[in-house]
Amino acid sequence: MRNLIDYTENYLKHPFENYQIFYRKKRIIELLNSIVHRNILEIGCGTDPFFKFYDDFNKLVIIEPSINFYENAIQEVIKNNLNDRVVLINDFFENSVNRIQKPNFDIVIISCLLHEIEDLSIFLETLQCLIQPNTIIHIDVPNANSFHRILAFEMGIIDTIFELSNNNLRFQQQKVFDIETLSNIITNHKFKIINSGTYFIKPFTHKQMSDLIENEIINKTVLDGLYKMIKYMPNLGSELFIEFKIND
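Rules used throughout
Residues numbered from 1 in each chain as written. Predicted model: local features only at pLDDT ≥ 70, side-chain atom pairs only at ≥ 80, totals over all residues. Heavy atoms only, no water. Buried < 20%, exposed > 50% of the residue type's maximum accessible area, 1.4 Å probe, protein only. Helix = DSSP H or I, 4+ residues; strand = E, 2+ residues; numbered from the N terminus. Pairing = 2+ DSSP bridges. Right-handed = clockwise from strand over helix to strand, strands pointing away. Core = buried A, V, L, I, M, F, W, Y, C linked by side-chain atoms within 4.5 Å. Contact = heavy atoms within 4.5 Å.

Engineer: Go over the pairing of strand 2 (residues 59-63) with me, naming the residues and quoting the values.
Structural biologist: Burial within strand 2 is extensive, with 4 of its 5 residues counted as buried. Where strand 1 (residues 39-43) meets strand 2, 5 bridges bridge the pair, whose relative direction is parallel. Within strand 2, the position partnered with Ile40 by the bridge is Leu60. With 4 bridges connecting them, strand 2 and strand 3 (residues 86-89) associate as parallel partners. Directly across from Val61, in strand 3, lies its bridge partner Val87. Crossover strand 2 to strand 3 through helix 3 (residues 67-79) is right-handed.

This is the structure in structure tokens:
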């Protein structure tokens, strides 16, 4: 059972995560700008619910189990005058199905969450109950083949790129995926993959990246360049994404 209080406290103290969130959302917005979308389901919003970055939707349903993140999202909904378009549920996704009014979701956003779930089979089976054949599911998770993980392996710091780091353990993360291992899980649960890839080249750990920024060695321009560099190293991004539909 996940300790949500401990998880929340660690998340709020996590260096460099705000930058990672920005590029994570940027990738999702690129997807949304390429499809017709009205109704969105966001599973796990953390400190930054998606509506803070993007408000072109009719209805956004957010499921967030952490009471701190949930209450923060409530305040953001009020501040942004979105009460009539955003629905918030404070619970785990697997417990929430019967509480969700079921519009035809055009997209489901599961961002930086799947690697923290203890039983992926239950989660994916529950997901099938909420989606239509046209629904696109977007997931993103840390990438085992990230540049910084491969560097750590070649330096002898880790024995395998799939090894759980101290940060992975601190955030109660269950596993580190590459595109192949996560794709196999998704297709084994009767989904079909429509797109996949990685984004944002991160040369060093979160702590090291944060130190570089704080000491003004690198800035936002450098980070934007690292995001764009993915076209030269398409498999080495810090996080991977997969987009899929139910296999009809």
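Next comes the rest of the account.
Engineer: For the nonpolar core, give the residues involved together with the corresponding values.
Structural biologist: Ile110 and Leu127 are the most contacted members of the largest nonpolar core, which has 30 residues in total. At the level of elements, strand 1, strand 2, strand 4 (107-111), helix 4 (120-128), strand 5 (136-142), helix 7 (179-188) and strand 7 (239-246) are the ones that each hand at least two residues to this core. Ranked by the residues each element gives to this core, the list is headed by helix 4, at 4 residues. If we ignore the near neighbours within four places in the chain, the residues touching Leu127 are Ile43, Phe93, Val108, Ile110, Ile137, Phe191 and Phe244. Grouped together as the second largest cluster of nonpolar side chains are 21 residues, Ile62, Leu88, Ile107 and Ile136 included.

Keep in mind these values describe shape, not function.
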